[in-house]
Every structure is written in C-alpha cells, then in structure tokens.
Amino acid sequence: TSFTLSFIDVDYLKYCNDTFGHEQGDSYLVEISSVLQTLGGEVCRVGGDEFFLLQTGLTPEEQDERLEKLRQEVLADKSSGYPKCFSYATTLVPAHSTVPVAEYISDTDAKMYQYKQKYKIPLADVVYKDDRI
C-alpha cells in the first residue's frame, strides 16, 4: 500500500527547555504529538524533536494542507507562555517501491529543512513579551 510520509520537526523546543525547564519541554513534545494524532494515521517520535506521520488515502498535497492548518492553530495558541510551532514536509512512498525507505526519509528530511528555512518565524518575533515590563 502506498502511504504519505511526513517528517515533522518541532520548532522552539530548545528555547522552551532552556527557559522553562525540561519538564515543560517534555510537555510541549507530548502536546505536539497529541495534536498530530488528531490527523489520524501513525505518529512516531524518531528523535529528540522529530516525528514521522504515516498516512494512507491522502496525497502529499492533501497531507500538507492538513499539516499547515494544524501548524497555524498551534502557532496561534499563546496559552503556554512560549511559542509553539513545527516545520514539516511530506512525500508519497509508492506501493512496491524498489527504493529503500531510508531514501524517502532522507529526501523528506531535506525538504523539511528547506521548509523550515523558508517559513520558520525567528524566535525574536514570536517570543511573547509582557507589556508591563
């Protein structure tokens, strides 16, 4: 069966860990995992701040539309006191492919970093400031 492979990298985790502590950073990762799970499919944490989302029945474009909508919702949530966001890219892994899955992962990872360079908002622009200070 073909499936979409989305590579997701959590933005601002280092800032959260350094400013609010690793326990809060862990909570941030759990929150991102939970919101990714609302999209269905399989969510897998593959590294410190990296996740895969595996989904069937969608094109990469459809999956990216869903991820972008979710990304905007996460970014708009200012309830935690620290910025929350993620970067992503999606690739279709065809059924019966002769290409190793590791190659799809590597290509999708590279696309995700291109996305991050283009769309990640600089930390200084998203750190919430208290006007009383």
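Let us look at the structure shown here. Remember, it's a predicted structure, so these values are computed and weren't measured experimentally.

### What to know about the pairing of strand S2 (residues 42–45)
Next up, step 1: Examined bridge by bridge, S2 and strand S3 (residues 50–55) share four bridges and lie antiparallel to one another. Residue pairing in the sheet places Glu 42 in a bridge with Leu 54 of S3.
Next up, step 2: Counted between consecutive antiparallel strands, the loop separating S2 from S3 contains four residues.

### Concerning the environment of Glu 42
Next up, step 1: Along the chain, Glu 42 turns up in strand S2.
Next up, step 2: As for Glu 42 and Thr 56, which are separated by 14 residues in sequence, their C-alpha atoms are 9.6 Å apart.
Next up, step 3: In contact with Glu 42, other than residues within four places in its own chain, are Phe 52, Leu 53 and Leu 54.

### Description of the side chain of Gln 55
Next up, step 1: Among the secondary structure elements, Gln 55 is positioned in strand S3.
Next up, step 2: A distance of 2.9 Å separates a polar atom in the side chain of Gln 55 from the backbone oxygen of Leu 39.
Next up, step 3: For Gln 55, the contacting residues outside a window of four places in its chain are Phe 3, Thr 4, Leu 39, Gly 40, Gly 41, Gln 63 and Arg 66.

### Comments concerning helix H2 (residues 22–37)
Because each turn of an α-helix spans 3.6 residues, side chains separated by three or four positions end up pointing in the same direction.
Next up, step 1: A rise of 1.5 Å per residue sets the reference length of H2, with its 16 residues, at 22 Å; its end C-alpha atoms lie 22 Å apart and thus fit the reference within 8%.
Next up, step 2: Gly 25, Tyr 28, Leu 29, Ile 32, Ser 33, Val 35 and Leu 36 are the residues of H2 that are buried. Along the axis of H2, the buried positions cluster into a sector of 165°, meaning they face one direction only. Opposite the buried face of H2, at more than 90 degrees from it, the exposed residues are Glu 23 and Val 30.
Next up, step 3: Residues of H2 that are buried in the fold lie against strand S1 (3–11), helix H1 (13–20), S2, S3, helix H3 (60–76) and strand S4 (85–93).

Cut-off values and rules
- Residues numbered from 1 in each chain as written.
- Predicted model: local features only at pLDDT ≥ 70, side-chain atom pairs only at ≥ 80, totals over all residues.
- Heavy atoms only, no water.
- Pairing = 2+ DSSP bridges.
- Helix = DSSP H or I, 4+ residues; strand = E, 2+ residues; numbered from the N terminus.
- Contact = heavy atoms within 4.5 Å.
- Polar contact = N/O pair within 3.5 Å; in protein donor to acceptor, adjacent residues only side chain to side chain.
- Expected span 1.5 Å × (residues − 1).
- Buried < 20%, exposed > 50% of the residue type's maximum accessible area, 1.4 Å probe, protein only.
- Arc of directions from axis to C-beta.

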